[in-house]
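Residue-level structural notes
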Amino acid sequence: MIDALIFDSGVGGLSVSEEIRRRVSGCSLGYLCDNAALPYGTKRDDWLIARIVAVCVNACQLARPRVLVVACNTASTLALEALRARLPIPVIGTVPAIKPAAEASRSRTIGLLATGATVNRPYLDRLIAEHAPDCRVVRVAADALVTQAESHLAGRAVDARALQLAVAPLKATTDLDVVVLGCTHFPLLRGLLEPLMPDRLWIDSGAAIARRLSQVLSDIRSIPAPPGEVGGAPSWATAPRVESLAPILTRFGYSSPRALEVAPPSVGPHV
């Protein structure tokens, strides 16, 4: 058994893993990566929901976590309800940090870098209406940054022009004072993005997820754990032999990924 299994389509959830390790003392983690289905943003919703549920249910049977952390904005906006219906453990999702951005913004103009799948979902409209109704939110679909983050972690050169193009609409908004990194991949590029707009405040969801996990674990850790392995940092991937994946996971404190077998959904991935 482990305290939390962190799930993402790729390696973006490692940014959340870092925050959890920094803020939640003694938390044993596992990592789950559905990299065989990357990128999620190009797949149809019904296929993704079935896929995400199948991947997470299979992995939870192996890892036996106390909590599942869905460290993926696309998966969270689509499949949280379905996951909570299928799993007997708490499921923590990831949403863009609109609320803390609105609390921090003085100009009431916020920038959001996210994937197209997140930027265009009604869920984001409701999040803004609830937490930032008096703010102008400049939404930028920056799907190219997902690839750049994966390349960056693999030790390959980052395309500086791709970063510049992503932030260009935000730089053109003169009164914008806060930028939300609305995809868990993007904090992995924070050190390269912040210098492009050094006078803005950059916010992501990692700290909020870590705080929520700490609260949930404090409620359930008193329950005796069933027999089995406690602690360690196992990992699973649906395409475990992808070049550079094992070294990346090792660098973040995980073992080389084990293969996770998942039956394909009955519907096709594309419209």
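First, a word on scope: everything that follows refers to the structure included in this document. (Residues numbered from 1 in each chain as written. Predicted model: local features only at pLDDT ≥ 70, side-chain atom pairs only at ≥ 80, totals over all residues. Heavy atoms only, no water.)

**Considering the overall build of the protein**
What the protein contains, in helices and strands, is 11 helices and 10 strands. Over its C-alpha trace the protein gives a radius of gyration of 18 Å, about what one expects of a compact globule, namely 18 Å for 271 residues. C-alpha atoms of the protein, sized along the principal axes, occupy 55 × 40 × 35 Å. By element, 52% of the accessible surface of the protein is carried by carbon and sulfur atoms, the whole surface being about 11,900 Å². Charge-centre separation for the protein: the mean point of 28 positive side chains lies 2 Å from the mean point of 24 negative side chains. (Helix = DSSP H or I, 4+ residues; strand = E, 2+ residues; numbered from the N terminus. Rg over C-alpha atoms; globule rule 2.2 N^0.38 Å. Areas by Shrake-Rupley, 256 points an atom, 1.4 Å probe, with all protein chains shown as cover. Lys, Arg positive; Asp, Glu negative; His and termini not counted. Charge placed at Lys NZ, Arg CZ, Asp CG, Glu CD.)

**Focus: empty space enclosed by the protein**
With the rule as written, the count across this model stands at one cavity of 30 Å³ or more. One number sums up the size of the largest cavity: a volume of about 70 Å³. Forming the walls of the largest cavity are Ser15, Val16, Asn73, Thr94, Leu181, Gly182, Cys183, Thr184, Pro187, Asp204, Ser205 and Gly206. (1 Å grid on protein atoms, 1.4 Å probe; cavity = no way out; pocket = protein on both sides within 12 Å on 5 of 7 lines; lining within 4 Å. Points joined across faces, edges and corners; volume = space filled by probe spheres on them.)

**What to know about the packing of helix 2 (residues 45-63) against helix 3 (residues 73-86)**
At a minimum axis distance of 9 Å, the contact between helix 2 and helix 3 shows a crossing angle of 55 degrees. Comparing the axis directions of helix 2 and helix 3 gives the class oblique. In the crossing of helix 2 with helix 3, the sense of the turn from one axis to the other is right-handed. Contacts between helix 2 and helix 3 involve Asp45, Leu48, Ile49, Ile52, Val53, Cys56 and Val57 from the former and Thr74, Ala75, Leu78, Ala79, Ala82, Leu83 and Arg86 from the latter. (Axes fitted to C-alpha atoms, helices over the stretch in contact; angles between N-to-C directions. Parallel < 35°, antiparallel > 145°, perpendicular 65-115°, else oblique. Left-handed = near helix turned anticlockwise from the far one by under 90°. Contact = heavy atoms within 4.5 Å.)

Purely geometric numbers; function is a separate question.
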